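Residues per chain are reported as follows:
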Amino acid sequence: MSTCKISTNKENLLTLSLNQKQHSLREVEPGGKLIGRVKVPGDKSISHRALLFGSIAEGETTIEGILPAEDPLSTAECLRSMGVKISSIKNDTIVRVEGVGLNGLKEPKEILDCGNSGTTMRLLIGLLVGRIGRHFVLTGDDSLRERPMQRVSQPLRLMGGEVNGRSNGNLAPLAIMGKKLHGAVIGTPVASAQVKSAILLAALTADGETKVIEPTSSRDHSERMLKAFGANLKVSGERGRHISVSPGSKLKGKSIIVPGDISSAAFWLIAGTIIPHSNLTLENVGLNPTRTGILEIMKKMDADFEIIDLKEVAGEPVGNIKVCYNSEIKPFEIESETIPRLVDEVPILTVAACLCKGTSHIRGAGELRVKETDRLKVMTRQLMKMGAEIEEHPDGLTIHGGKQLKGSTLDSETDHRVAMSLAIASLVAEGNSTIARSDAAYISYPNFWNDFEKLRN
Ligand code: S3P
């Protein structure tokens, strides 16, 4: 791996002109390079879990490095509505959660609003379905109310849970009537950490052992953190695909340190790789092996990156990543087995594929169609406006790379990861782009547009 050289070439300076009046519409002028260091914001998945598990633990949980973005704020607000005291969630402050114990969540007077957050809704369903005799109503924004919840409510019904909603319990608003649950052996049809985590949370108060068997392993933050909180949880099987929980042990409040989110670092990993003369250092990136699929693909691309200062922080591997431009990146193939390890990175990897000379394939990615938007469709639609050549398949994409992208009138279509992917694509285009609804980025990366400006040289 070569050592990155910092280029001091000041030609082609990048400039970003923000439309100050309507923050959501941004104009991006291409050219130049990205140089500097970024402290990647806290991991979204770990932030949600720290709030949820801390709430049902006994005693205080402190959370350092929590992601102060809209999605975790939705989780915190729902928990507050059920009587949990959570201090305010701001940048660089330690958040305190006063746990109410496994059975302490109150029946909320209001509807629980999960906003745009699938993780909030799915994990809450699992958490609430076993609160005997208590009633809960959950809803979300336009996007979340169209996302499938059957994948969670169906297995929970096998444990005796009652979840009702539109489309036979598939769509929010959802009503949950808390019931006594019993343990079960449940094979999940999709490798989804949200589904797995919902079942594990329900299992904490069920009668008897519950075992979840995944088709491929999905991110394992719930397993790691539940164990650390004192849950009776065992992981077995190939690549930890069998997870068992037995009830009976109380969770104890903990100090959690949240590493940076590799899914947010992903935008800079690819930007650093494809924007000429770029040289970036990403600090404090979570490197849990169930999340590092993007690094495996970057290796296949011959991207120029290296991990430095690898250490373990609160049970999760963390490191800094140095990345530099490489003019010769190779096309790549992503198969279904790898998808769970990079599921949120497919939009920015699609941008990377447009820059590789040759054809890249993304397969087995049907799950992308049920994210905040149909990300296969939306990325194809937006990048084709820029002149990209992409074929859309039911469960993937074929990207014929190497064509010069052209600036265009783009739209995030309300999806945070689309907004940030289009921002990076706009930097390598010929001509200016505008990105409508660019503030969608705040869902997972509140400082994205500031970092974007800060790194431009
Ligand atoms: C998440 C799991 C993933 C991911 C989402 C966060 C989580 O979804 O796309 O952004 O925190 O568990 P699936 O588990 O449904 O694939």
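Quantities reported herein were computed from a predicted structural model and do not represent experimental measurements.

Peer 1: Please set out the site of the ligand residue by residue, giving values where relevant.
Peer 2: In the vicinity of the ligand, the residues found are Lys44, Ser45, Arg49, Thr119, Ser192, Ala193, Gln194, Arg219, Val343, Asp344 and Lys371. Here serine 45 contributes a side-chain N or O atom positioned 2.7 Å from an oxygen atom of the ligand. Here the ligand has 380 Å² of accessible area as a free molecule, and 96% of this is covered by the chains. Elements with a contribution of two residues or more to the shell around the ligand: α1 (44–55) and α6 (193–203). The biggest single contributor to the shell around the ligand is α1, with three residues. Here the shell around the ligand is composed, by residue class, of two nonpolar, four polar and five charged.

Peer 1: Account for the domain arrangement of the protein chain, naming residues and giving values.
Peer 2: Split into domains, the protein chain comes out as domain 1 (20–40 + 259–455) and domain 2 (44–257). In this structure, domain 1 and domain 2 have C-alpha centres spaced 29 Å apart. On the domain 1 side of the interface with domain 2, the three residues burying the most area are Pro340, Glu372 and Ile443, jointly 23% of the side's total. Applying the counting criterion to the domain 1 and domain 2 interface returns four salt bridges. Here arginine 147 ties to glutamate 372 by a salt bridge, and the two come within 3.8 Å at their closest N and O atoms.

Peer 1: Let's hear about the pattern of salt bridges: which residues, and what values?
Peer 2: Under the criterion given, the structure shown has 33 salt bridges. With its nearest N and O atoms 2.7 Å apart, the salt bridge here joins aspartate 411 to arginine 437. Linking aspartate 411 in strand β23 (residues 409–411) with arginine 437 in the loop between β24 (433–436) and α14 (448–455), this pair joins segments that are 26 residues apart in sequence. In this structure aspartate 411 comes out as buried when scored by relative accessible area, which is 17%. In this structure arginine 437 comes out as partly exposed when scored by relative accessible area, which is 39%. The network of salt bridges with common partners includes Arg147, Arg219, Asp344, Glu372, Arg375, Asp415 and Arg417.

Peer 1: Describe the sheet that holds strand β4 (residues 58–64), and please don't skip the residues or the numbers.
Peer 2: The strand order across the open sheet formed by four strands is β5-β6-β4-β15, and the pairing between neighbours is mixed. Of all strands in the sheet, those bounded by a partner on one side alone are β5 (85–86) and β15 (255–257). Inspection of the sheet shows β4 paired to β15 by three bridges, in the parallel sense. Note that in β15 the partner of glutamate 64 across the bridge is isoleucine 257.

Peer 1: Pulling in residues and values, what's your account of the sheet that holds strand β12 (residues 210–213)?
Peer 2: Strands belonging to one sheet form pairs held by backbone hydrogen bonds; the direction of such a pair is parallel or antiparallel. Here four strands make up an open sheet; going across it, the order is β11-β12-β14-β13 and the pairing mixed. The two strands at the open ends of the sheet, each matched to only one other strand, are β11 (185–187) and β13 (232–236). If you compare each strand with its neighbour and ignore which way they point, the axes differ by 15° on average.

Peer 1: Describe the pairing of β4, and please don't skip the residues or the numbers.
Peer 2: Here six bridges tie β4 to strand β6 (residues 95–100), and the two strands are oriented antiparallel to one another. Residue pairing for β6: isoleucine 63 is matched across the bridge by valine 95.

Peer 1: Mind laying out helix α4 (residues 150–158), listing which residues take part and the relevant values?
Peer 2: Of the residues making up α4, those classed as buried are Arg151, Val152, Ser153, Pro155 and Leu156. Of the residues one or two after α4, glycine 160 is the one with positive phi, at around 100°.

Peer 1: Any details on the nonpolar core? Residues and values, ideally.
Peer 2: By size, the foremost hydrophobic cluster in this structure holds 71 residues, and its most contacted members are Trp268, Met298, Leu383 and Phe448. Broken down by element, the residue count for this core peaks at nine residues, all from helix α8 (residues 262–274). Look past the residues within four positions of leucine 383 in its chain and what remains in contact with it is Thr350, Val351, Cys354, Ala388, Ile390, Leu422 and Ala425.

Peer 1: Can you tell me about the environment of threonine 409, naming the residues and giving the values?
Peer 2: Checked against the element boundaries, threonine 409 lands in strand β23. Spatially, the C-alpha atom of threonine 409 lies 41 Å from that of glycine 126, the residues being 283 residues apart in sequence. Not counting residues up to four positions away in its chain, the partners in contact with threonine 409 are Gln382, Lys385 and Thr434.

Peer 1: Which residues make up the packing of helix α2 (residues 70–81) against helix α3 (residues 118–128), and what values do they have?
Peer 2: At a closest axis distance of 10 Å, the pairing of α2 and α3 adopts a crossing angle of 30°. Comparing the axis directions of α2 and α3 gives the class roughly parallel. Seen from above, α2 lies across α3 with right-handed handedness. Facing Asp71, Ser74, Thr75, Cys78 and Leu79 of α2, the residues of α3 in contact are Thr120, Leu124 and Leu127.

Peer 1: An account of the confidence of the model for the protein chain is requested, with residue identities and associated values reported.
Peer 2: Summing up the model confidence of the protein chain, the mean pLDDT is 94 and the portion of residues at 70 or higher is 95%. When the criterion is pLDDT under 50, residues 1–22 qualifies, and its contacts beyond four places in sequence or with other chains add up to 47 contacts.

Peer 1: How would you explain unusual backbone geometry if you had to name every residue and give the values?
Peer 2: Residues apart from glycine generally show negative phi values, whereas peptide bonds are mostly found in trans. The residue after alanine 172, namely proline 173, is reached through a cis peptide bond having omega 5°. Along the chain, the position of proline 173 falls in strand β10 (residues 171–177). Here serine 167, not a glycine, exhibits a phi torsion of approximately 55°, which is positive. Relative to the helices and strands, serine 167 is located in helix α5 (residues 166–169). For asparagine 284, which is not a glycine, the phi torsion comes out positive at approximately 65°.

Cut-off values and rules
Residues numbered from 1 in each chain as written. Predicted model: local features only at pLDDT ≥ 70, side-chain atom pairs only at ≥ 80, totals over all residues. Heavy atoms only, no water. Near = heavy atom within 4 Å. Polar contact = N/O pair within 3.5 Å; in protein donor to acceptor, adjacent residues only side chain to side chain. Areas by Shrake-Rupley, 256 points an atom, 1.4 Å probe, with all protein chains shown as cover. Helix = DSSP H or I, 4+ residues; strand = E, 2+ residues; numbered from the N terminus. Nonpolar A, V, L, I, M, F, W, Y, C, P; charged D, E, K, R; others polar. Domains from an automatic or database assignment. Buried area = accessible area lost by both parts, 1.4 Å probe. Salt bridge = Lys/Arg side-chain N within 4 Å of Asp/Glu carboxyl O. Buried < 20%, exposed > 50% of the residue type's maximum accessible area, 1.4 Å probe, protein only. Pairing = 2+ DSSP bridges. Axes fitted to C-alpha atoms, helices over the stretch in contact; angles between N-to-C directions. Core = buried A, V, L, I, M, F, W, Y, C linked by side-chain atoms within 4.5 Å. Contact = heavy atoms within 4.5 Å. Parallel < 35°, antiparallel > 145°, perpendicular 65-115°, else oblique. Left-handed = near helix turned anticlockwise from the far one by under 90°. pLDDT = per-residue confidence, 0-100.

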